[in-house]
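Here is how the chains run, residue by residue.
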Amino acid sequence: MAEITASAVKELRERSGAGMMDCKKALTETNGDLEAASDWLRSKGLAAAAKKSSRTAAEGLVGVAVAGTKGVAIEVNSQTDFVAKNEIFQNFVREVTGIALEKGDDMDALKASPMAQGGTVEEVLTANIATIGENQVLRRAKAVSVANGAVIPYVHNAAAPGLGKIGVLVALESDAGVDVLEPLGKQIAMHIAAAFPLALDESGLDQETLERERAIATEKAAESGKPADIIAKMVEGAVKKFAKENSLLNQLFVMDGKTPIADVIAKAGKDAGATIVLKDYVRFQLGEGIEKEESDFAAEVAATAGLTK
């Protein structure tokens, strides 16, 4: 049996929103496995609404840039938030975003690309680590484009133009003018930043994620004591609900809370007299999916001074 630490209980509580004793029980039941404990809480109906940014811990910046019918988003991580405010770091992220816009999102090619000051992206990043005195990582990049239409950017919690903690790109394929596509794209981008869709439509949802939801729903439904055929319908209903709530085109527009995004786009196209297709999107949230160890600053100071906290 794994030791259930206070820090593990605290992390699970922050992830799930469940009570402390419930979190401790969940960890005990799952031998200290945080992921399994999260699922256990959900299957028992003890977890609050999932905190989708609960794993967001890494610092740094997300950069976005567009040029007509193409756009790109990149993420560069650092150890502390102080670096995100550093002019050297901001300029690096800004320039690399511009390079990615021109060269594409292949990470090896991006790292090998030359920078204006001399040296490749990877070499300049290494030099910046030495200059700033903190580890930095070019983590990911994604480009989107349309044959005809526009790519619209949005940055939430902007630290500087085109740089922030959440970067969104919306790729709209259409013959409609930018006077129609830009405001529509901006609203959809703001929705994406807030609603955190997992895929454009249901067919794009990860099968492993769906199977995990099915397993949770099955365990939860089994406790109802209902007949097997009813349980099967309950499980299918739960999985369909999850898929609908997490696919962008099916999500209810945050601006009114009742209209599916697909209908918002269709209406805009009808009003403009041109078909509008949401071809693709990007949503980069700083540190998404990265676990970061929490440090006890007081303990570090005490240890450095040779004291006991």
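Located above this text is the structure these notes cover.
Conventions used here
Residues numbered from 1 in each chain as written. Predicted model: local features only at pLDDT ≥ 70, side-chain atom pairs only at ≥ 80, totals over all residues. Heavy atoms only, no water. Helix = DSSP H or I, 4+ residues; strand = E, 2+ residues; numbered from the N terminus. Buried < 20%, exposed > 50% of the residue type's maximum accessible area, 1.4 Å probe, protein only. Contact = heavy atoms within 4.5 Å. Core = buried A, V, L, I, M, F, W, Y, C linked by side-chain atoms within 4.5 Å. Salt bridge = Lys/Arg side-chain N within 4 Å of Asp/Glu carboxyl O. Polar contact = N/O pair within 3.5 Å; in protein donor to acceptor, adjacent residues only side chain to side chain. Pairing = 2+ DSSP bridges.

(A) Region of the structure containing the overall build of the protein. For the protein, the helix and strand inventory stands at twelve helices and six strands. Burial status across the protein gives 40% buried among its 309 residues. When contacts within the protein are restricted to residue pairs at least 6 apart in sequence, long-range pairs at least 24 apart make up 64% of them.

(B) Structural view of unusual backbone geometry. In this model, asparagine 31 sits at a positive phi of 55°, which is unusual for a non-glycine residue. Structurally, asparagine 31 is set in the loop between α2 (20-29) and α3 (34-43). Here asparagine 157, not a glycine, exhibits a phi torsion of approximately 55°, which is positive. Relative to the helices and strands, asparagine 157 is located in strand β4 (residues 149-160).

(C) Local environment of the environment of glycine 149. For glycine 149, the position within the fold is in strand β4. Put simply, glycine 149 and isoleucine 276 are 127 residues apart on the chain and 8.6 Å apart in space, counted from C-alpha to C-alpha. Once residues within four sequence positions are removed from consideration, glycine 149 is found in contact with Thr69, Leu172, Ser174 and Leu181.

(D) Fine view of the side chain of glutamate 75. Structurally, glutamate 75 is set in strand β2 (residues 70-78). Apart from the residues within four sequence positions on either side, glutamate 75 is in contact with Leu61, Val62, Val137, Leu138, Arg139, Arg140, Phe284, Gln285, Leu286 and Gly287.

(E) Region of interest: the nonpolar core. One finds Ile74, Phe92, Val93, Val96, Leu110 and Leu138 to be the most contacted residues of the largest nonpolar core, which totals 25 residues. Among the secondary structure elements, those contributing two or more residues to this core are β1 (59-67), β2, α4 (81-84), α5 (87-103), α6 (107-111), α7 (121-132) and β3 (136-145). Ranked by the residues each element gives to this core, the list is headed by α5, at seven residues. Excluding residues within four positions of it along the chain, phenylalanine 92 makes contact with Val76, Met115, Val121, Val124, Leu125 and Asn128. Ranked by size, the runner-up nonpolar core spans 24 residues in total, among them Val170, Ala189, Ile192 and Ile265.

(F) Structural view of the side chain of aspartate 39. For aspartate 39, the location among the structural elements is in helix α3. Looking at aspartate 39, the relative accessible area reads 18%, which means it is buried. With sequence-adjacent residues up to four places away left out, aspartate 39 is seen in contact with Arg212 and Ile216.

(G) Looking closely at the pattern of salt bridges. Within the structure shown, the criterion is met by 14 salt bridges. As a salt-bridge pair, glutamate 35 and arginine 212 come within 3.2 Å of each other at their nearest N and O atoms. Of the two residues, glutamate 35 sits in helix α3 while arginine 212 sits in helix α9 (residues 207-222), which places them 177 residues apart along the sequence. Here arginine 140 ties to glutamate 288 by a salt bridge, and the two come within 3.7 Å at their closest N and O atoms. Separated by 148 residues along the polypeptide, arginine 140 in strand β3 and glutamate 288 in the loop between β6 (276-285) and α12 (297-304) bring together distant segments of the chain.

(H) View of α3. Summarising burial for α3: seven of the ten residues are buried, a large majority. Turning to α3, the residues buried within the fold contact α1 (6-16), α2 and α9. Taking the backbone nitrogen of glutamate 35 as reference, a side-chain oxygen 3.0 Å away marks aspartate 33 as the first, capping residue of α3. Phi turns positive one or two residues past the end of α3, at glycine 45, with a value near 75°.

(I) Region of interest: the pairing of strand β5 (residues 163-174). Counting buried positions along β5 yields ten of twelve residues, so the element is predominantly enclosed. Of the strand pairs in this sheet, β1 and β5 are connected by two bridges, and their pairing is antiparallel. Bridging across to β5, glycine 63 finds its partner in leucine 163. Inspection of the sheet shows β4 paired to β5 by ten bridges, in the antiparallel sense. Residue alanine 150 lies in a different strand from β5, and its bridge partner there is leucine 172. Linking β4 to β5, which pair antiparallel, is a turn of two residues; within it glycine 162 sits at a positive phi near 80°.

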